[in-house]
Amino acid sequence: MSYLDRALSRALSIADLRRIAMRRLPRSVFEFIDGGAEDELTLAGNRAAFERLRIVPRVLIDVSTPELQTEIVGQLAAAPFVIAPMGACALAWPDADLAIARAASAHGIPYTLSTMATISIERMADAVQGRLWFQLYVLRDRAMTDSLVDRANSAGYEALVVTVDLPAGGKRERDLRNGISVPLRMTSRHLVEGITHPAWALRMLRGGLPEFENVRGLLGDDSAGLTIAARVGQNLDAAYDWDDLARLRERWPRKLLVKGVAHPTDAVRMVSLGVDGIWVSNHGGRQLDGAIASADALPRVAAELQGKAALLIDSGVRRGIDALKSRALGAQAVAIGRAALFGASAGGEAGVRRALEILTGELALAMKLSGVPTMQSVDRSILRSDQARKEE
Ligand code: FNR
């Protein structure tokens, strides 16, 4: 067993994987992944909201073989998890996108490729057999936006996830201080960080500087040295509105999800436009600092939707039990961002597999201890009564 495998097998929790990632990555890269916007109130609030939720366990129920399998957006998945889209992952580990997608496929859960991934739509579809979704950022360059949608369609992606909570890049002060910017390039500070993290630096040198393959040419000019969030925001179309969403619905023939939703009124209007899935998210606390925690937003969205569309949630999932709590509040599944990327940062594909093993293991145990034999049998009645009220 290699040193890497030993460290991974000793990791018991996502928090352990995060600690390994913190040691192995240069600080600027770790903080790009780990950090949030401004005072990180929403980042902390996401965890606090999950932590506040409490289950009232049932007993004397046969829980000998907990069944994690569940339907996600119309198809069965092995567990109620989805990989959230993440850009610039290759800063953490060469080909991290592939590592994460392969681990997701091995675990039988959907994977979402970001517009800002460092692998193209087509290369990913060729390399990975599992369920693939494509996340769309709506660029100011509408022709390029349309071509991203059409490419995902031609490559056979099962679902399109349009992210709507980034009309501008969040103010991520850690990235501003650390000088993490795009196009990805090395500054002298990063060289010093590389010297103090030789294993990471060697992997990077071998892999070459990652490129945003889906939007080649778009981010061109590197003179301004903007943070990744600011640069992406600068190229996104802040004028995107309901009419545009209706047009996207016409252009994309398969499942359409909208990511970055918090308000129940928005969710209902989206469904009336023919959207198949609502993805409650605050971008992991990386956008509006002061936005409601996802787990706090979920119950009202679920109450308004009344099962008329698939409902997903992300932001702050770090334990298997978070999937059980989210399910009790009405979500089909939870999406994970950093939990997977901490795994990739700690050990590539093996690290992501370890992260998924940890989360599914924790979920199976939480189901047993809560008296819940199947995902289908989870409802609000397992929550503390004041938390099980429909409207919060
Ligand atoms: C993201 N997120 C994101 N979302 C998106 O729609 N497109 C993207 O390109 C990215 N990029 C990205 C990079 C990194 C490093 C992180 C951590 C996050 C947000 C992501 O999809 C998801 O909403 C959050 O990560 C969920 O919160 P947790 O699970 O990280 O707490």
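Residues numbered from 1 in each chain as written. Predicted model: local features only at pLDDT ≥ 70, side-chain atom pairs only at ≥ 80, totals over all residues. Heavy atoms only, no water.

Chemist: Please explain the site of the ligand as it appears in this structure.
Modeler: Near the ligand you find 23 residues, and of these Pro85, Ser114, Thr163, Asp314 and Gly316 are the closest. In the model, an oxygen atom of the ligand is placed 3.0 Å from a nitrogen or oxygen of the lysine 259 side chain. A distance of 2.8 Å is found between an oxygen atom of the ligand and a backbone nitrogen or oxygen belonging to glycine 316. Protein chains shield 97% of the accessible area of the ligand, which is 590 Å² for the free molecule. When atoms are counted within 2 Å of each cavity's grid points, the one that captures over half of the ligand is the largest cavity. Of all the secondary structure elements, the ones that give two or more residues to the shell around the ligand are α3 (27–34) and α16 (338–370). (Near = heavy atom within 4 Å. Polar contact = N/O pair within 3.5 Å; in protein donor to acceptor, adjacent residues only side chain to side chain. Areas by Shrake-Rupley, 256 points an atom, 1.4 Å probe, with all protein chains shown as cover. 1 Å grid on protein atoms, 1.4 Å probe; cavity = no way out; pocket = protein on both sides within 12 Å on 5 of 7 lines; lining within 4 Å. Sits in = over half its atoms within 2 Å of the grid points. Helix = DSSP H or I, 4+ residues; strand = E, 2+ residues; numbered from the N terminus.)

Chemist: Sorry if this is basic, but what is going on with the nonpolar core here?
Modeler: Within the largest apolar cluster, 115 residues are counted, with the highest numbers of intra-cluster contacts made by Leu17, Ile100, Met124, Ile278 and Leu324. Residue contributions to this core peak at 15 residues, all from α16. Not counting residues within four places of it along the chain, the set of residues in contact with methionine 124 comprises Asp97, Leu98, Ala101, Tyr111, Leu113, Ile119, Leu132 and Tyr157. Judged by nonpolar contacts, the second largest core, of 14 residues, contains Val73, Val82, Trp133 and Leu257. (Core = buried A, V, L, I, M, F, W, Y, C linked by side-chain atoms within 4.5 Å. Buried < 20%, exposed > 50% of the residue type's maximum accessible area, 1.4 Å probe, protein only. Contact = heavy atoms within 4.5 Å.)

Chemist: Help me understand helix α2 (residues 14–24), please; the structure alone is not making it clear to me.
Modeler: Since the α-helix turns once every 3.6 residues, residues separated by three or four places project in the same direction. Ile14, Asp16, Leu17, Ile20, Ala21 and Arg24 are the residues of α2 that are buried. The buried side chains of α2 occupy one side of the element, clustering within an arc of 155° when seen end-on. (Arc of directions from axis to C-beta.)

Chemist: I keep staring at the pairing of strand β10 (residues 333–336) and nothing clicks. Help me out?
Modeler: A regular strand places its side chains so that they alternate between the two faces of the sheet. Residues Ala333 and Ala335 line one face of β10 and the alternating positions Val334 and Ile336 line the opposite face, and both faces are buried. Across 2 bridges, the pairing between strand β9 (residues 310–313) and β10 is parallel. When the sheet's bridge partners are listed, leucine 312 is paired in β10 with alanine 333. Considered for its hand, the β-α-β crossover made up of β9, helix α15 (residues 320–328) and β10 is right-handed. (Pairing = 2+ DSSP bridges. Right-handed = clockwise from strand over helix to strand, strands pointing away.)

Chemist: Even after reading the chapter, I still don't get the environment of leucine 365, so can you show me in this structure?
Modeler: Inspection of the secondary structure puts leucine 365 in helix α16. Along the sequence, leucine 365 and tyrosine 157 sit 208 residues apart, while their C-alpha atoms lie 33 Å from each other.

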